[in-house]
Amino acid sequence: MGLKDLRIEFDNQWSTYYPGQTVRGNVIVVLDSTKKIRGISVKIKGEANTWCVVKKEDIERKGDYHDEVATAHEEYFETKYYLVGSASGGEIEIQSGEHKFPFTCSLPMNLPSSFESEFGYIRYIVKATLDRPWKFDHEAKSLFTVVVPLDLNQEPRAAEPVQQEMSKTFCCLCCGTPPLTVNFSLPARGYVPGQTMPIKINVENLSNVVVTVIKLMLREVVTVRVTDPSETRIQERVIAEVSKGPIQAGGTADYEQHLNVPPLPPSNSFATCQYIDLEYELKVEACVEGWYHRNLSAKIPILVGTVPLSVHHAPSAPPAGLDGDYTERRPLEVGFVIPSANTAVPPLPESTLYPNLPPPSFEESSYAAKNFREKEESEYVYGLGKHFAPRYPVYNFAPAQ
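How each quantity is defined
Residues numbered from 1 in each chain as written. Predicted model: local features only at pLDDT ≥ 70, side-chain atom pairs only at ≥ 80, totals over all residues. Heavy atoms only, no water. Helix = DSSP H or I, 4+ residues; strand = E, 2+ residues; numbered from the N terminus. Buried < 20%, exposed > 50% of the residue type's maximum accessible area, 1.4 Å probe, protein only. Contact = heavy atoms within 4.5 Å. Areas by Shrake-Rupley, 256 points an atom, 1.4 Å probe, with all protein chains shown as cover. Pairing = 2+ DSSP bridges. Core = buried A, V, L, I, M, F, W, Y, C linked by side-chain atoms within 4.5 Å. Domains from an automatic or database assignment. Salt bridge = Lys/Arg side-chain N within 4 Å of Asp/Glu carboxyl O. Phe/Tyr/Trp six-rings, centres within 6.5 Å; stacked < 30°, edge-to-face > 60°. Lys NZ or Arg CZ within 6 Å of the ring centre and 35° of its normal.

A word on the overall build of the protein chain. Scanning the protein chain from N- to C-terminus turns up 0 helices and 26 strands. Residues classed as buried in the protein chain amount to 51% of the 401 residues present. Taking the intrachain contacts of the protein chain between residues at least 6 apart in sequence as the baseline, contacts between residues at least 24 apart amount to 71%. Total accessible area on the protein chain is roughly 20,000 Å²; 48% of this is exposed by carbon and sulfur atoms.

In structure tokens form, the structure reads like this:
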């Protein structure tokens, strides 16, 4: 048989890097007998692809339309070289057993973050090729994550407290009701994955309409473009939600609820990508009874970073058995230290600024690559069947004592 396994392993358990860092790893070749090859090469690249279905008018039959898939492609870098042998050299022999062939690649500084969505992706790929003369080549493929750092301490808007009021009256026959007023506030606008957003809600329902529920939603808004400048797709996704209700007509409510921020790409992830934009927002919606009444809602921008605000007062996790109404709060100190040389966690570029707090973990996004096989690529490439989802920094906070 010859080849038993061909795979790619990275030098950290998260397979996660920052722009400007060096990707290191090994191409692993396992043989059960001696094999003749021309060489082993590795190709490392970063790219973005977007797509959407658009309606186009038929040139020959005016007024008739058909669907076409519009696309866009952007390449950030590509490097290829031989780890052993060469394309023009003669045959070499590799003995049976397991062999490791190390590779390295210095990442450019101006890369966007890895990303997967319904209408596009940004991917970073390592592909190893076992070059065989006069035979089909053997190939292995693996993806890694790139994350663009965003230090919330360097972003002036991140520390801004948020306070907003929304109000609405309802028509009843020919008269308007007294108003429904909802106030909500946040201690800051910037958060990191793993952190909790403590949202204070105050409702004064002077109307005669029942508020069935108050929804708090952290939403991701992705704008995807293709090469046709007239075509744009916006994908809105609720990534965290809590709710509470009802509030009767003439009633009031005053409480605090918590939204946990899941693993997400930071807000500045796609500054260097011309086809994908990303925003986060907090949407507060008061859903009211009666199909003829419109709900009351407001949206505010939220920043998601990789480096938390150095000191941020937020609620500790509620004790077991208590719901989102638990309001005891303790200050949390937020930050990280440079990992030691023997750790698999990649250090953030700003880590020297925050020496007293532990580093983040790197956890998978809820969006995964459904398939990372490329056009004209054999379905027999090693590694194609593996699961891949980008990993983003996540902080596991503990209350200050």
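As a further point, take the pairing of strand E18 (residues 211–225). Of all 15 residues in E18, 12 are buried, a share of seventy percent or more. In terms of strand pairing, E18 meets strand E21 (residues 276–288) through 13 bridges, oriented antiparallel. From the neighbouring strand, Arg 219 faces E21, where its bridge partner is Glu 281. Here 12 bridges tie E18 to strand E19 (residues 232–244), and the two strands are oriented antiparallel to one another.

Looking now at the nonpolar core. A general trend in soluble globular proteins is that nonpolar side chains are found buried together. Residues Phe 144 and Ile 214 are the most contacted members of the largest nonpolar core, which totals 92 residues. When residues in this core are grouped by element, the largest group, 7 residues, is from E21. Mapped onto the domain boundaries, this core takes at least three residues apiece from domain 1 (3–151 + 343–394) and domain 2 (152–304). Among the nonpolar cores identified, the runner-up in size contains 7 residues, and Ala 369, Phe 372, Val 381 and Leu 384 belong to it.

Tallied over the full model, the rule gives 18 salt bridges. Where Arg 7 meets Glu 9, a salt bridge forms, and the shortest distance between an N and an O atom there is 2.9 Å. On the basis of relative accessible area, Arg 7 is assigned to the partly exposed category, the value being 22%. The residue Lys 141 makes a salt bridge to Glu 374 at a minimum N-O spacing of 2.9 Å. Of this pair, Lys 141 sits in strand E11 (residues 138–146) while Glu 374 sits in the loop between strand E25 (361–364) and strand E26 (391–394); the two residues are 233 residues apart in sequence, bridging distant segments of the chain. By sharing partners, the salt bridges in this structure join Lys 45, Glu 47, Lys 127, Glu 139, Lys 141, Glu 374 and Glu 377 into a single network.

This paragraph deals with the packing of aromatic side chains. Taken as a whole and judged by the stated rule, the model has 10 aromatic pairs. Judged by centre distance (6.3 Å) and plane angle (85°), the ring pair of Phe 10 and Phe 103 falls under edge-to-face. Of this pair, Phe 10 sits in strand E1 (residues 3–10) while Phe 103 sits in strand E8 (residues 97–106), placing them 93 residues apart in sequence. Pair check on accessibility: Phe 10 and Phe 103 agree, each one buried. Above the plane of the ring of Tyr 121 lies Arg 123, whose end atom (NZ or CZ) is 3.6 Å from the centre. Looking at Lys 244, its charged tip hangs above the ring of Tyr 255, at a distance of 5.5 Å from the centre.

Turning next to unusual backbone geometry. A cis amide bond links Gly 245 to the next residue, Pro 246, at an omega of 0°. The residue Pro 246 is located in the loop between E19 and strand E20 (252–260) in this model. Non-glycine residue Ser 15 carries a positive phi angle of around 50°. In this fold, Ser 15 is placed in the loop between E1 and strand E2 (16–17).

Spatial relationships are all this shows, so hold off on functional conclusions.
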